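Results of the structural survey
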2 protein chains.
Amino acid sequence: MAHNMEIGGELADLGEFGLIKRVTAKVKIKNESTIKGVGDDCAVLNYPDKRVVVTTDLLTEGVHFNLVYVPLKHLGYKAVSVNVSDICAMNAIPRQITVSLAISSKFTVAAIDELYEGIHLACSHYGVDLVGGDTTSSLTGLTISITAIGEAEDAELTYRSRAKPTDLLCVTGDLGGAYLGLQLLERENELFRMNPTVQPQLAGYDYILGRQLKPEARTDMREIFKMLELKPTSMIDISDGLSSEILHLCEDSGVGCRLYEERLSFDPQTKKMAEEIHINPLVAALNGGEDYELLFTIPIGEHEKVRNHPDITVIGHMTSKEEGTLLVTSGGGQEIPLQAQGWNPLKSD
Amino acid sequence: MAHNMEIGGELADLGEFGLIKRVTAKVKIKNESTIKGVGDDCAVLNYPDKRVVVTTDLLTEGVHFNLVYVPLKHLGYKAVSVNVSDICAMNAIPRQITVSLAISSKFTVAAIDELYEGIHLACSHYGVDLVGGDTTSSLTGLTISITAIGEAEDAELTYRSRAKPTDLLCVTGDLGGAYLGLQLLERENELFRMNPTVQPQLAGYDYILGRQLKPEARTDMREIFKMLELKPTSMIDISDGLSSEILHLCEDSGVGCRLYEERLSFDPQTKKMAEEIHINPLVAALNGGEDYELLFTIPIGEHEKVRNHPDITVIGHMTSKEEGTLLVTSGGGQEIPLQAQGWNPLKSD
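Residues numbered from 1 in each chain as written. Chains lettered and ligands numbered in written order. Predicted model: local features only at pLDDT ≥ 70, side-chain atom pairs only at ≥ 80, totals over all residues.

The number of helices and strands found in chain A is 10 helices and 13 strands. Against the globule reference of 20 Å for 349 residues, chain A gives a C-alpha radius of gyration of 21 Å, in line with a compact fold. Split into buried and exposed, the 349 residues of chain A put 53% on the buried side. Contacts in chain A between residues at least 24 apart in sequence constitute 85% of all its contacts with a sequence separation of at least 6. (Helix = DSSP H or I, 4+ residues; strand = E, 2+ residues; numbered from the N terminus. Rg over C-alpha atoms; globule rule 2.2 N^0.38 Å. Buried ≥ 20, exposed ≤ 12 C-beta atoms within 10 Å, placed from the backbone. Contact = placed C-beta atoms within 7 Å.)

Residue and element names in this part refer to chain A. Domain parsing of chain A yields domain 1 (11–156) and domain 2 (168–337). Using C-alpha coordinates to define each centre, domain 1 is positioned 26 Å away from domain 2. In this complex, domain 1 contributes 17 residues to the contact, which on the side of domain 2 involves 18 residues. If you list the elements that add at least two residues to the side of domain 1 that touches domain 2, you get α2 (72–89) and β4 (93–103). The leading source of residues in the side of domain 1 that touches domain 2 is α2, at 10 residues. Partitioning the side of domain 1 that touches domain 2 into residue classes produces 11 nonpolar, four polar and two charged. (Domains from an automatic or database assignment. Nonpolar A, V, L, I, M, F, W, Y, C, P; charged D, E, K, R; others polar.)

Listed as interface residues are 58 residues of chain B and, on the opposing side, 58 residues of chain A. For the side of chain B that touches chain A, the secondary-structure elements that each account for two or more residues are α1 (11–24), β2 (43–46), β3 (51–60), α2 (72–89), β4 (93–103), β5 (129–137), β6 (143–152) and β8 (234–237) of chain B. Looking at the side of chain B that touches chain A element by element, the count peaks at nine residues for β3 of chain B. Here the side of chain B that touches chain A is built from residues that sort into 27 nonpolar, 21 polar and 10 charged. In this sheet, β2 of chain B lies alongside strand β3 (residues 51–60) of chain A in antiparallel orientation, the contact comprising four bridges. Looking across to β2 of chain B, one finds that R51 of chain A is bridged to N46 of chain B. (Pairing = 2+ DSSP bridges.)

Moving on to unusual backbone geometry. Although it is not a glycine, Y292 of chain A adopts a positive phi angle of roughly 55 degrees. Structurally, Y292 of chain A is set in the loop between α9 (281–287) and β10 (294–298).

The two copies are related by a screw operation: chain B maps onto chain A through 180 degrees of rotation and 0.0 Å of translation along the axis, at an RMSD of 0.0 Å. In short, the pair behaves as if placed about a two-fold rotation axis. Among all residues of chain B, the minimum C-alpha distance to the rotation axis is found for P48 of chain B, at 2.0 Å. The fraction of interface residues of chain B whose copies in chain A are also interface residues reaches 100%, indicating that both copies meet through the same surface. (Least-squares fit on C-alpha atoms with pLDDT ≥ 70 in both.)

To continue, consider the sheet that holds strand β5 (residues 129–137) of chain A. Strand order in this open sheet of six strands is β5(A)-β4(A)-β6(A)-β3(A)-β2(B)-β1(B), and the pairing throughout is mixed. Of all strands in the sheet, those bounded by a partner on one side alone are β5 of chain A together with β1 (34–36) of chain B. Sheet twist, expressed as the average angle between the axes of neighbouring strands with direction ignored, equals 25 degrees. Docked against the sheet, helix α3 (residues 109–126) of chain A engages β4 and β5 of chain A, running at close to 170 degrees with respect to β4 of chain A. (Axes fitted to C-alpha atoms, helices over the stretch in contact; angles between N-to-C directions.)

Moving on to the pairing of β3 of chain A. All names here are of chain A. With respect to burial, β3 is a largely interior element, 10 of its 10 residues being buried. Along β3, one buried face is formed by R51, V53, T55, D57 and L59 and the opposite face, lined by V52, V54, T56, L58 and T60, is buried too. Bridge count between β3 and strand β6 (residues 143–152): 10 bridges; the pairing is antiparallel. Paired with T60 across the strands is T143, a residue of β6.

Residue and element names in this part refer to chain A. If you walk across this open sheet you meet the seven strands as β8-β10-β7-β11-β9-β12-β13, and the pairing is mixed. Of all the strands in the sheet, the pair left with one neighbour each is β8 (234–237) and β13 (335–337). Across the sheet, the mean angle from the axis of one strand to that of its neighbour is 25 degrees, orientation sign disregarded. Bridge count for strand β7 (residues 168–172) against β10 is four bridges, and the pairing is antiparallel. In the sheet register, L169 faces β10, and the bridge partner there is T297. Against the sheet, helix α7 (residues 242–253) touches β8, β9 (255–260), β10 and β12 (325–328), its axis set at about 150 degrees to β9.

Right, here's the structure in full:
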């Protein structure tokens with residue numbers, strides 16, 4: 001109960017139960033579906049009138065994040081966002097999360113406080129209750145495993161498998177920024193390693209850095225769809241790159257697609273950074289990942305509803321499966337098969 | 001969809017989506033509360049008439065398990081059991097799990113198949129649906145994060161916080177075996193390391209080895225309580241050792257307790273192994289952990305219902321908080337304050 005240990009004290013002295021009490025002391029339950037949060041063998045929830053949606057994501061140090069340039073507070077926030085993004089992809093409302101950590105002995109209590117500050121900030125931003133978790137040690141590095149729980153009416157849910165061959169393919173926001181933000185961080189880190197007197201040059205890149213370090217899940221889209229009286233026929237979030245996500249929708253729905261390069265527009269910082277490292281921003285959008293925007297399909301008859309919406313861009317349309325999954329290039333209008341070259345989390349190099 | 005890769009092939013070649021398809025290919029949904037399992041951004045569940053309980057546990061290589069002597073199939077089974085045990089501690093029925101893995105490149109596809117064989121076996125044994133997860137790489141070692149979801153009527157739920165000062169303190173099964181099974185495995189492993197021609201001497205210790213390697217969650221107790229028309233006033237599962245769990249019940253309920261040493265009986269193998277390594281089996285029960293039995297309190301008026309039950313032992317009673325949390329020793333009847341000397345997962349040595 002008492003939290004009178006010194007900041008910077010050793011985690012082992014605090015112990016598992018001490019740490020759990022410390023990091024959950026400030027938790028206030030916000031949702032009426034949360035009957036009991038942290039503090040028993042299980043959390044207890046109540047969903048009498050809704051479908052319950054559940055998703056989980058695991059982030060490991062050195063694979064998903066590099067603590068040399070990722071602040072722990074941002075990491076905590078991002079770990080929640082990536083789970084909430086999956087809830088958004090079902091057109092559901094996030095309500096609860098559990099957070100499990102494996103921590104190596106190099107971490108101080110102050111470091112874990114930092115991480116939880118980001119987690120609590122995200123919980124507050126998304127209106128989500130932290131209801132449980134597990135905390136243990138690891139021999140090396142930090143692992144964060146989060147499970148998120150949300151709710152929706154059955155009729156509101158958007159699956160990956162219900163796109164029709166004539167549907168329009170739409171995306172929220174802009175793509176490629178998160179990947180190029182990461183390239184920038186890695187470049188500056190490399191320069192710093194080679195010459196520690198060089199200060200990182202990050203000015204003018206706040207947008208793509210924010211996209212990488214503090215992504216926001218599109219919880220706003222559920223309301224926007226309601227206002228537009230529009231229900232996507234299928235939806236997925238963009239975590240592994242646009243190519244990979246489009247191919248998921250096509251495979252699961254049994255359809256093909258045509259994606260038009262000319263329909264994709266990029267943020268000026270995304271374009272500038274892509275130019276600096278000599279890649280096409282299209283490649284960052286297709287294969288980069290971590291944008292956490294939503295990719296969805298709508299019936300062609302609903303085109304007017306999205307045509308001029310500032311948050312939504314029509315980037316192509318679905319076709320019959322036989323027509324394949326194609327990228328139509330700008331200029332010449334070449335048709336190139338889409339390939340899932342997104343990040344493979346099982347390749348650690 | 002096709003699973004034609006060679007066994008022993010590289011995980012990186014299979015990729016995340018290939019691996020997920022491979023390990024979930026045989027999953028058949030068993031519970032009507034599971035609307036949609038693996039294969040979308042979220043699983044979709046339906047709990048119109050029940051409370052939903054949620055728990056999560058994270059196991060890390062080198063801290064929770066040593067792959068030198070823990071077979072992967074057993075590890076998979078145990079990882080599910082420890083979560084199901086938390087559901088049992090709420091007097092609820094387990095229904096779904098999600099499984100997240102971080103895998104280092106030293107693992108083959110065959111090894112992951114082994115691990116999932118144990119997970120599927122446990123799902124089948126407990127009647128639980130595998131509905132989601134995440135699979136990624138780690139720089140070192142294996143991490144398993146499981147979230148379990150279950151259901152109960154509100155009135156059936158047993159919390160830690162509702163023990164009364166006159167309640168009887170009861171435990172299922174016998175204690176100390178899992179800890180002594182671990183001591184045996186570690187001793188034989190040490191001897192083998194010093195002289196690899198020595199075969200491990202495990203004969204005659206099948207019970208305590210089973211307690212350590214393949215623990216069973218007490219899903220049977222819910223039915224037993226029903227048959228006895230008995231509802232525990234409080235309940236917790238024994239994962240960290242009897243002392244630590246008793247202190248949780250006392251602290252959360254605002255009561256004290258007297259635990260009687262003479263009431264604890266031990267399996268013959270537990271006693272024999274304790275003798276071999278010169279410890280009191282009581283110490284293994286109090287501080288060893290991993291027994292995954294249930295510790296609970298009942299009103300004193302219900303004593304007759306449990307008195308001769310083969311699965312239940314009355315080991316003490318609760319008292320007012322002011323009387324403290326005491327162990328009453330056999331023989332002299334000394335009163336010693338209970339101490340939570342159970343395993344601290346934040347100490348990695």
